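Descriptive analysis of the structure
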Amino acid sequence: MRRLLLLLVLLGAVVINAQAQDGYRYAKRGYFRSVRVGALHDMTTSHTLDVGHSIDLVNGYAFNKWFMMGGGIGVQYTIYNIDSDDNSGQTNVKVPIYLHLRANVLDRKVTPYFALNLGGGFCKGYLPNLGANGDPEQLNGSYEFYYMEPQIGAAVRFGGGKMLELGLSFYADFGRGLNGGPKLNIGFTW
């Protein structure tokens, strides 16, 4: 009888432990790393082909399966399509440094998520004309800025906290007027 009772207690503990782990099947508490690459469109000017590329690195802590917080740094390389022949193909580089906040919506293999990046950074290179009341064009200028990037997307979770993510965001920097535009990201978190 004692053996049967002990066996039932052990079996119950294994089942309870399995159910507790099942709730965290796709998420992991603790340190995480994330890398994202993106394609962006700068809507600062009236040109239609101001495009760029970005890469972001984020390190942080996953508090549970729902909320993650970390710090990130990115590099955005933008190519401006200028109508005049002498300035065609001018570029600039922006380096945002930010706080990364992320909320996962579901505890499922595929989950929608919301993220917000807040911080600041600097820009170096070509600065387009911002209109009649804005700053004039500069071929080799620089400025510092405040940075904000809300993002919405979907993540496919794998075991151990790994995720493949696809997101759409709108980045904005405030330093030399308001600059920004839409950005499509693909990333991997481990």
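Figured I'd write up the structure that's included with this text. (Residues numbered from 1 in each chain as written. Predicted model: local features only at pLDDT ≥ 70, side-chain atom pairs only at ≥ 80, totals over all residues. Heavy atoms only, no water.)

Now for the environment of glycine 120. Mapped onto the secondary structure, glycine 120 falls in strand β5 (residues 110-127). Sequence separation between glycine 120 and phenylalanine 145 is 25 residues; the distance between their C-alpha atoms is 5.4 Å. If near-sequence neighbours (up to four positions away) are discounted, glycine 120 is found in contact with Val95, Pro96, Ile97, Phe145, Tyr146 and Tyr147. (Helix = DSSP H or I, 4+ residues; strand = E, 2+ residues; numbered from the N terminus. Contact = heavy atoms within 4.5 Å.)

On to the nonpolar core, then. With 16 residues, the main nonpolar core has Phe32, Met68, Cys123, Tyr143, Phe145 and Tyr147 as its most contacted residues. Only β1 (30-41), β2 (51-62), β5, β6 (138-157) and β7 (163-174) provide two or more residues apiece to this core. In this view, tyrosine 147 contacts Gln76, Pro96, Tyr98, Asn117, Leu118, Gly119, Gly120, Tyr171, Ala172, Asp173 and Lys183; residues no more than four positions away in its chain are not counted. (Core = buried A, V, L, I, M, F, W, Y, C linked by side-chain atoms within 4.5 Å. Buried < 20%, exposed > 50% of the residue type's maximum accessible area, 1.4 Å probe, protein only.)

Bringing the pairing of β2 into the picture now. As paired elements, β1 and β2 share 12 bridges and run antiparallel to each other. Among the inter-strand pairings, glycine 38 is bridged to a residue of β2, identified as serine 54. By the bridge criterion, 12 bridges tie β2 to strand β3 (residues 67-80) in an arrangement that is antiparallel. Among the inter-strand pairings, asparagine 59 is bridged to a residue of β3, identified as glycine 71. Adjacent in sequence and paired antiparallel, β2 and β3 are bridged by 4 residues. (Pairing = 2+ DSSP bridges.)

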